[in-house]
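Letter by letter, the chains look like this.
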Amino acid sequence: MEFRLSDEEEAFQSAVRKFGDKVLRPNEKKIDAEGRIPDEVLRAMADLGLLAMPVPSEYGGIGASAVLTELAAEEVGRGDFSMATAVFFLLEAGWGRLLAIHGTEEAKREILPPVCRGEAFLGIATTEPSGGSDLARMRTASRKDGDGFRLTGEKAFVSGVEEAKRLGGGHLTLSRAAEGGFRFTYVPTRSEGISTQRFENAGRMGISTGALSYQDARVPAKYLVGADGRGLEIATEGFTVARTFVAAACIGAAERALETGMAYIRERSAFGQPLGKFEGIQFELVDLWTQVEAVKWQCRRAAWLLDTYPLREDPTHRSEIARTVASVKLQAPQIAFECVKRVMMWFGAAGYTKDVGLELGFRGIMSYLVGAEGGLNIMRIILGRELLGKEFVPYK
Ligand SMILES: Cc1cc2nc3c(=O)[nH]c(=O)nc-3n(C[C@H](O)[C@H](O)[C@H](O)COP(=O)(O)OP(=O)(O)OC[C@H]3O[C@@H](n4cnc5c(N)ncnc54)[C@H](O)[C@@H]3O)c2cc1C
């Protein structure tokens, strides 16, 4: 057992941290205020190989391991506290990785290189207006039509609808196949028969969230991802990977909040001494740090499991991966939110100002508590199923 990063991993982590300090932090308020990540930031990420980084080099990526991607996600979450850049990063990393594994050769050669260059967006569309947790009851339908498919229905709360329209690109989209089972296809947003709507979110303003509506939209056969009819399993595989990177981004944000808080409570005095000398505050810091440290190493282990055991092959490893990923996705957003909330309180009134900027994290991390990439209770259901057995899943 080796509980430390390799020299290569440490060097990479430090390069991404520098990028976060030099490029993301100075831009985060602008990203939040203007509602988009500036093109030069995306270009800088592409130059560092950060966009869709697990994608193999023949399709434009750097073929990064899940461990390296997890480390990068921590740093992107630490760099842009609003979480907008982290969302952009992790969607492309998670779903780009999946497309590189399950996409057709033609689709991979067409879709992935521009995504890795920051010239197109790749996201995921599974949630519908009627719900996102219970995917098996989703309504969007597809049917075979000549050499391709036709898609009808509506997706909601989808990240990156505007980016996919502006830059080009699209979403891996889950539909109910008329021929049986579920179908997972890449759907370019600029296709005929597709319209979009942007929602006004509370946070992570730099990446859009919205609806996609499909009116008998044509999807070429080359865009099928994985075996036809097995779309739900393929999408679940993608969620497992993307959730690991979500947790990593939250851990980066949690660490940043604590670092900000520690600097403040060393300096700020009340009743004649620094705030950090009061046990009421010092012990809060200690408890938060302990939890962040524990979930960080569990998250890195989740990434290591993804690298070590190909998903879906061996039931024992599949269960271990499912447990570990659900556990970190359950904990990391909660502890990150708690860190931001507590540090805001250590700052007193200043913590509530936009100047100090903690509220960026408060609004951004909340998206992962309400549901993005799966709600907390869904993580609990996965864990309950893995610990007690399928017969204990509390729904039909
Ligand atoms: C900012 C943001 C970005 C998003 N981006 C995307 C995206 O890119 N693509 C995409 O497809 N979706 C996206 N989503 C949607 C997200 O996947 C859903 O919010 C999530 O799956 C939950 O679905 P829902 O919101 O419809 O809540 P529901 O499914 O209606 O659930 C509501 C609440 O009930 C809980 N719940 C549900 N079932 C149970 C149960 N059996 N037991 C106990 N509690 C339960 C849930 O955890 C949740 O808290 C995004 C959401 C947000 C907030």
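In what follows, the accompanying structure is described. Note that the structure is a prediction, hence the values are computed from the model and not measured. (Residues numbered from 1 in each chain as written. Predicted model: local features only at pLDDT ≥ 70, side-chain atom pairs only at ≥ 80, totals over all residues. Heavy atoms only, no water.)

Here we come to the side chain of E28. Inspection of the secondary structure puts E28 in helix 1 (residues 7-34). When near neighbours in sequence (up to four residues on either side) are disregarded, E28 contacts G79, D80, F81, R256 and L360. (Helix = DSSP H or I, 4+ residues; strand = E, 2+ residues; numbered from the N terminus. Contact = heavy atoms within 4.5 Å.)

This next bit is on the pairing of strand 1 (residues 121-125). Taking burial as the measure, the five residues of strand 1 include five buried ones, the bulk of the element. Here strand 1 pairs with strand 4 (residues 169-177) via five bridges, running parallel. Bridge pairing in strand 4 places G123 opposite H171. (Buried < 20%, exposed > 50% of the residue type's maximum accessible area, 1.4 Å probe, protein only. Pairing = 2+ DSSP bridges.)

Now for the site of the ligand. Within the structure, the ligand sits among 22 residues, and I124, T126, T127, S133 and S159 are positioned closest to it. Here a nitrogen atom of the ligand sits 2.7 Å away from a polar atom, N or O, in the main chain of I124. Counting residues per element, the ones that place at least two in the shell around the ligand are strand 1, strand 3 (148-159), helix 10 (358-370) and helix 11 (376-388). Of the residues assigned to the shell around the ligand, the class counts are nine nonpolar, eleven polar and two charged. Taken together, domain 2 (122-223) and domain 3 (231-392) each give at least three residues to the shell around the ligand, which thus spans both. (Near = heavy atom within 4 Å. Polar contact = N/O pair within 3.5 Å; in protein donor to acceptor, adjacent residues only side chain to side chain. Nonpolar A, V, L, I, M, F, W, Y, C, P; charged D, E, K, R; others polar. Domains from an automatic or database assignment.)

Where side chains of opposite charge bring their charged atoms close, a pairing between them can arise. Counting across every chain of the model gives 32 salt bridges. R300 is paired through a salt bridge with E70; the nearest N and O atoms lie 4.0 Å apart. Here the residue R300 occupies a position in helix 8 (residues 279-308), and E70 occupies one in helix 3 (residues 66-79), the gap between them amounting to 230 residues. A residue is classified by how much of its surface remains accessible, and R300, at 10% relative accessible area, is buried. Across the pair E119 and R117 runs a salt bridge, and its minimum N-O distance is 2.9 Å. One network of salt bridges, in which partners are shared, links R17, E75, R78, E255, E259, E293 and K296. (Salt bridge = Lys/Arg side-chain N within 4 Å of Asp/Glu carboxyl O.)

Examined against the element boundaries, S142 turns out to sit in strand 2 (residues 141-144). Among the polar contacts made by the side chain of S142, one reaches the side chain of S175 at a distance of 2.8 Å. Here S142 is in contact with R150, L151, S175, R176, A177, A178, E179 and R183, once residues within four sequence places are set aside.

Attention now moves to the state of the cysteines. This structure, assessed with the given rule, holds zero disulfides. A disulfide-free cysteine, C250 has its sulfur positioned 9.1 Å from the sulfur of C299, the nearest such atom. No disulfide involves C339; its sulfur sits 11 Å from that of C250, the nearest cysteine. Overall, the relative accessible area of 0% leaves C339 in the buried class. (Disulfide = S-S within 2.5 Å.)

What follows deals with the environment of L5. Note on placement: L5 falls in the segment before helix 1. Note on L5: relative accessible area 9%, which makes it buried. Along the backbone, L5 and D287 are 282 residues apart, and their C-alpha atoms lie at a distance of 24 Å. The residues contacting L5, other than those within four sequence positions of it, are E10, Q13, L71 and R300.

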